[in-house]
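Given next are the chains, with one letter for each unit.
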Amino acid sequence: MAKVTFFSGQQLPLEMHKVRIIQKLTLHPIEERRRAMAEAGYNTFLLQNADVFLDMLTDSGVNAMSDQQQAAMLIADDAYAGSATFTRLHRKLIEVFGMDWFLPTHQGRAAEHILAQALVQPGTFVPMNYHFTTSKAHVTARGGEVRELITAAGLEVTSDNQFKGNFDVAALRALIAEQGAEAIAYVRVEAGTNLIGGQPLSLANFRETTAVAREHGILTVLDASLLADNLHFNKTREEQCRDMTIPEITRAIADCFDVIYFSARKLGFGRGGGICIRDEALYKQMRGLVPMYEGFLTYGGMSVREMEAITVGLDETMDEDMINQGPQFIEHMVAELDARGIPVITPAGGLGAHLDAMRFLPHVPQQQYPAGALASALYIASGVRGMERGTLSEQRDANGVEPMANMELVRLALPRRVFTLSQVNYAIDRIGWLFEHRDLVGGLRFVEEPEILRFFYGRLEPIGGWVDELLAAFRADLADSL
Ligand SMILES: *Cc1c(COP(=O)(O)O)cnc(C)c1O
């Protein structure tokens, strides 16, 4: 990506790639979208992709591959054990992260499963800057306790702070003093923080946080699933990184950690995942879990084609012109929404634009899932599928009490290299219309609430007749358009 100044004076992101394979999309009329949303139980996870125009649910496993990745997939070496493809991936990871040992897994949460099995004992703590749904679920399933040690700025919806993902180092020291270093299974750092808007950490903060852990002999673990965006922000926002190359920044971050795991559905524009480990003894401690849950040690549930794509994708991740497309589109989207007075997380992060449903729909109480309601309303108004990241995405505690989320967000993820700027502008236009008619949008309630990870397949219904009113308003303003 480049950012180019047009003769109009406008500065806009400009794609530094061309599209050579396309996939046809359909945009159903609003009446159809309303029917599809009702069938999906007002849960955007349950929509059929054929009913979706722009899928901004996630950036997981849906990033566009390059011609180089596709070419590499053709020379993949099919073998159950000892494939040359695995060796190529392993070598690339050693080159990028500087860690000798690697365990492949079928995706990111499988890496979390293995780490939790090997390292989390009942009653231990896993401090992290912020949780991710699956990382928390695996720690708590083992009887461990997650402690969220994000700095106060991280939870401010609008801010000038360029590194809202920073770990609260003083809080980490306090936790160690309170519980003792032995009670801490590992320190988990997530770069950038998914659930609070893809917000990055500074290199300075990586260093400070892990230095405290090291001082007390505590293992340090990096969740690098969203590292590509973080690297772009280190390079563009942090003085000490300005003259460093992306590979140098990557290595400076990696050097802080004992373990790096990732979802290759995000990192490396691929599918799959894995765990890089510095210490051979720790590698051997975890190794047995791979053939038990994932696959043999040289594929771990991934296909050889996926592994070839990740290997090339890791190289592309080391190229600033390749990793800045997501952040620059998101910056454009956030700036345009902000200019219309639409409440959105600032500064723009990685991953996507995040609408603040608490301020978008101040009349919908948190118990009625404002972010879920907004995601439903947005799909109906536009065919754009976003993801609820709020109270619906929380789990009830052991007593059945429903905790209210710190933030009620609708995440509009921008998969890398997938959308064009006019598609992004369409989404901005429809969100703008919805904001002008926000009073019409009401809340949701559960019809069917699963016990575990309820946001994935829970079913809801609107409270009152607000969907009818929204549809009527849309038709009044746009009689004959989709
Ligand atoms: C997506 C994600 C995971 C889980 O990875 P999957 O491949 O979806 O299982 C873990 N951590 C973070 C930060 C993520 O964004």
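Quick caveat, the model's predicted, so the values are computed rather than measured.

**Here's the deal with the packing of aromatic side chains**
Then comes step 1: Evaluated as defined, the whole model comprises 13 aromatic pairs.
Then comes step 2: Each ring, one from F86 and one from F102, has its centre 5.9 Å from the other, and the planes form 20°; the classification is stacked. One end of the pair, F86, is in helix α3 (residues 84-97); the other, F102, is in strand β4 (residues 101-105), with 16 residues separating them in the sequence.
Then comes step 3: Accessibility expressed as a relative area gives 3% for F102, which makes it buried.
Then comes step 4: Through successive ring pairs, a cluster of aromatic residues spans F45, F455 and F456.
Then comes step 5: When the ring centre of F455 is taken as origin, the NZ or CZ atom of R389, which lies over that ring, is 4.9 Å away.
Then comes step 6: Cation over ring: R417 sits above F269, and NZ or CZ is 3.7 Å from the ring centre.

**Some thoughts on the site of the ligand**
Then comes step 1: Taken together, 15 residues lie around the ligand, and Q107, R109, D223, S263 and K266 are the ones closest in.
Then comes step 2: Separating a nitrogen atom of the ligand from a side-chain N or O atom of D223 is a distance of 2.6 Å.
Then comes step 3: Across the complex, the protein chains shield 99% of the 380 Å² of accessible surface that the ligand would expose by itself.
Then comes step 4: At three residues, the largest contribution of residues to the shell around the ligand is made by helix α4 (residues 108-119).

**Let's talk about the pattern of salt bridges**
Then comes step 1: Scanning all chains against the criterion turns up 28 salt bridges.
Then comes step 2: Linking R188 and E190 is a salt bridge whose minimum nitrogen-to-oxygen distance equals 2.6 Å. The two residues R188 and E190 agree in class, both being buried.
Then comes step 3: Several salt bridges share partner residues, and in doing so they unite R396, E402, E449 and R454 into one network.

**Some words on the domain arrangement of the chain**
Often, the extent of an interface is quoted as the loss of accessible area upon association of its parts.
Then comes step 1: Each assigned domain of the chain is listed with its residue range as follows: domain 1 (2-59 + 323-481) and domain 2 (67-321).
Then comes step 2: At the junction of the two partners, domain 1 supplies 28 residues and domain 2 supplies 40 residues.
Then comes step 3: Summing the contributions of domain 1 and of domain 2, the shared interface buries around 2,800 Å²; its carbon and sulfur component is 54%.
Then comes step 4: Broken down residue by residue, the surface that domain 1 buries against domain 2 is led by I323, P347 and M407, which jointly contribute 25%.
Then comes step 5: Applying the counting criterion to the domain 1 and domain 2 interface returns three salt bridges.

Rules and cut-offs
Residues numbered from 1 in each chain as written. Predicted model: local features only at pLDDT ≥ 70, side-chain atom pairs only at ≥ 80, totals over all residues. Heavy atoms only, no water. Phe/Tyr/Trp six-rings, centres within 6.5 Å; stacked < 30°, edge-to-face > 60°. Helix = DSSP H or I, 4+ residues; strand = E, 2+ residues; numbered from the N terminus. Buried < 20%, exposed > 50% of the residue type's maximum accessible area, 1.4 Å probe, protein only. Lys NZ or Arg CZ within 6 Å of the ring centre and 35° of its normal. Near = heavy atom within 4 Å. Polar contact = N/O pair within 3.5 Å; in protein donor to acceptor, adjacent residues only side chain to side chain. Areas by Shrake-Rupley, 256 points an atom, 1.4 Å probe, with all protein chains shown as cover. Salt bridge = Lys/Arg side-chain N within 4 Å of Asp/Glu carboxyl O. Domains from an automatic or database assignment. Contact = heavy atoms within 4.5 Å. Buried area = accessible area lost by both parts, 1.4 Å probe.

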